[in-house]
Amino acid sequence: MLGYSHATSGALAWSGAAAALPLTVLTYPAMQSGEIRAVDLIMGTFLTAGAALLPDADHPSGTISHVLGPVSHYACKFISTISGGHRHGTHSFAFVALVTYGTWAGEHWLGRWFTLALVFFLLALAVKALNLGGTGDGPRAWITDIVLAACGTFAIDHWISDKPAWLPFAVGLGSLAHLLGDCLTDRGCRLLWPFKVRTRVPLIDRTGNKVETLIIAPLFALGTLALLWYTITNQP
Ligand SMILES: [Zn+2]
C-alpha cells in the first residue's frame, strides 16, 4: 500500500476508536480516567496517521525513509538489516507491542522531551504521507516537512499540558492499521514473527492501484472526518 493509504487508515482507526471505545482503552497502558478534549482528538488523528507509517522503517525506499532526508534514510537501512528485511520483524504484533510500550516507557521515564521528539517525528511522517508539504523526495520536500512538523510540535506543546496518556495507544493503533493494510496485499505480513506464518487476504493486487488511490484512501479520509465530527459533537 502507499504511504497515503496507510496514513488515512491510521487516521480512520483513531477516529473510530475514539468514537467507539471507553477512555480507559484509549489511555492503555496508563489506564487513566479523565477526558479527551476535541484538541486531543484532532492531534491524535494526525499522530496516528503518522504512526501508521512506522512499520515501513524496514524499507529503505519507503515514505518513512525520506521523511528527514539522509538521517531517516540511513536509519531505515539499519533497521531493515537488523529486522531481517522488508515485512519481517517490523510487520508483526511483536512490533506493535514494542512501539506501544516503548512510547509509554519513554513518556514515563524520559519525560517531556521524549514526547515532543516523538510528536515531531510522527507529525513529519503524517505531513509527508499526506503530501501536505508538497510531493517529491528531494531536500525541498523534506525541509518543508520538517518546518511544518516543527510548527505542529510547538502547537501541541502549547495545547497539551502534560504527557498525553493516549499517545501509546495512538502509536500502537497506527502500527496495527498499517499491518492490516499490508495483509490486504499479495505479499501479506508475518504477523506472528519470528514464526514464519504469512497472513494475507489479497484484495489489493498492486500497490497504488486505482481502487486504492481513487476509492479506499478518499473513503478513509471522509470516514475520519465524519467520525471526528460525531465524537466531538456528542461529547458530554
Ligand atoms: Zn508495510
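Residues numbered from 1 in each chain as written. Predicted model: local features only at pLDDT ≥ 70, side-chain atom pairs only at ≥ 80, totals over all residues. Heavy atoms only, no water.

**Description of the layout of surface pockets**
Test applied: A 1.4 Å probe that fits but cannot get out identifies a cavity on a 1 Å grid over protein atoms alone, an open set with protein on both sides within 12 Å along at least five of seven lines counts as a pocket, and a residue lines either if it has an atom within 4 Å of a point. Grid points are joined across faces, edges and corners, and a volume is the space filled by probe spheres set on the points. For helices the rule is a DSSP run of H or I covering at least 4 residues; for strands it is a run of E covering at least 2, with both sets numbered from the N terminus onward.
Considered as a void within the structure, the largest pocket measures approximately 640 Å³ in volume. Leu-54, Ala-57, Ile-79, Phe-95 and Val-99 are the residues nearest the centre of the largest pocket, which is lined by 26 residues in total. Residue assignment for the lining of the largest pocket shows that the elements contributing at least two residues are helix 5 (70–83), helix 6 (93–110) and helix 7 (112–129). The dominant element in the lining of the largest pocket, judged by the number of residues it contributes, is helix 5, at seven residues.

**Brief notes about empty space enclosed by the protein**
Overall, the coordinates contain one cavity of 30 Å³ or more when judged by the stated rule. In this model, the largest cavity occupies a volume close to 30 Å³. Lining of the largest cavity is provided by Arg-112, Thr-115, Leu-116, Val-119, Ile-156, Asp-157, Ile-160 and Pro-164. Counting only elements with at least two residues in the lining of the largest cavity, the list comes to helix 7 and helix 8 (139–159).

**Points about the side chain of Thr-153**
Put simply, the test is: Whether two residues are in contact is decided by their heavy atoms: any pair within 4.5 Å suffices.
Along the polypeptide, Thr-153 turns up in helix 8. Aside from chain neighbours lying at most four places away, what touches Thr-153 is Leu-116, Val-119, Phe-120 and Leu-123.

**Structural notes on helix 7**
Formally: Any helix carries an expected span of 1.5 Å times its number of residues minus one. We call a residue buried when its accessible area falls under 20% of the maximum for its residue type, exposed when it is over 50%, and partly exposed in between, using a 1.4 Å probe and counting protein chains only.
For helix 7, spanning 18 residues, the distance from its first C-alpha to its last is 26 Å, which sits close to the expected 26 Å at 1.5 Å a residue. Burial within helix 7 is extensive, with 13 of its 18 residues counted as buried. Taken from the residues just after helix 7, Asn-131 is the one with a positive phi, measuring 60°.

**Remarks on the coordination of the zinc ion**
Quick reminder of the rule: Donor atoms are limited to N, O and S found within 2.8 Å of the metal ion, a distance that becomes 3.2 Å for Na, K and Ca. With water left out, some sites might look partial. A site with four donors is called tetrahedral when every donor-metal-donor angle falls between 85 and 135 degrees; four donors are called square planar, and six octahedral, when opposite donors sit more than 155 degrees apart and all other angles fall between 65 and 115; any other arrangement is irregular.
Surrounding the zinc ion are the protein donor atoms Asp-56 (OD), His-91 (NE2), His-178 (NE2) and Asp-182 (OD), which sit 2.0 to 2.2 Å from the metal. Seen from the zinc ion, its four donor atoms lie at angles of 88 to 174°, and the figure they make is irregular.

**Some words on the nonpolar core**
Using the following cut-off: Residues belong to one nonpolar core when they are buried, are Ala, Val, Leu, Ile, Met, Phe, Trp, Tyr or Cys, and are joined through side-chain atoms within 4.5 Å.
Counting 41 residues, the largest nonpolar core has Leu-47, Leu-54, Leu-122 and Trp-166 as the members making the most contacts within it. Of all the secondary structure elements, the ones that give two or more residues to this core are helix 1 (3–20), helix 3 (38–51), helix 6, helix 7, helix 8 and helix 9 (167–183). No other element matches the nine residues that helix 7 contributes to this core. For Leu-122, the residues in contact, after removing those within four places along its chain, are Phe-46, Leu-47, Gly-50, Ala-51, Leu-54 and Val-171.

**Description of the packing of aromatic side chains**
Using the following cut-off: Note on aromatic pairs: the rings of Phe, Tyr and Trp (six-membered ring only in Trp) are paired at centre separations within 6.5 Å, and the planes decide the class, stacked below 30 degrees, edge-to-face beyond 60, tilted for the rest.
Evaluated as defined, the whole model comprises one aromatic pair. Ring centres of Trp-14 and Trp-166 lie 5.5 Å apart, and the angle between their planes is 55°; on these two criteria the pair is classed as tilted. A residue pair is termed long-range when its members are at least 10 positions apart, and Trp-14 in helix 1 and Trp-166 in the loop between helix 8 and helix 9 qualify at 152 residues. Of the residues examined, Trp-14 reaches a relative accessible area of 0% and is grouped as buried.

**What to know about the packing of helix 1 against helix 10 (residues 210–233)**
For any two helices packed against each other, one specifies the inter-axial angle together with the distance between the axes. What counts, and what does not: An axis is simply a line fitted to the C-alpha atoms; with a helix, the fit covers only the stretch in contact. Between two such axes, the angle follows the N-to-C directions and lies from 0 to 180 degrees. The labels follow the angle: roughly parallel below 35 degrees, roughly antiparallel above 145, roughly perpendicular from 65 to 115, and oblique for the rest. Crossing chirality is assigned from the near helix's rotation relative to the far helix, an anticlockwise turn below a right angle marking it left-handed and a clockwise turn marking it right-handed. Ten residue types, Ala, Val, Leu, Ile, Met, Phe, Trp, Tyr, Cys and Pro, are classed as nonpolar, four, Asp, Glu, Lys and Arg, as charged, and the remainder, Gly among them, as polar.
In contact at an axis separation of 8 Å, helix 1 and helix 10 are set at 25° when each is read in the N-to-C sense. The angle between the axes of helix 1 and helix 10 places the two elements in the roughly parallel class. In the crossing of helix 1 with helix 10, the sense of the turn from one axis to the other is left-handed. Taking contact as the criterion, the partners of Tyr-4, Ser-5, Thr-8, Ser-9, Ala-11, Leu-12, Ser-15, Gly-16, Ala-18 and Ala-19 in helix 1 are, on helix 10, Glu-212, Ala-217, Phe-220, Ala-221, Gly-223, Thr-224, Leu-227, Leu-228, Tyr-230 and Thr-231. Each residue belonging to the contact of helix 1 with helix 10 can be placed in one class, and the counts come to eleven nonpolar, eight polar and one charged.

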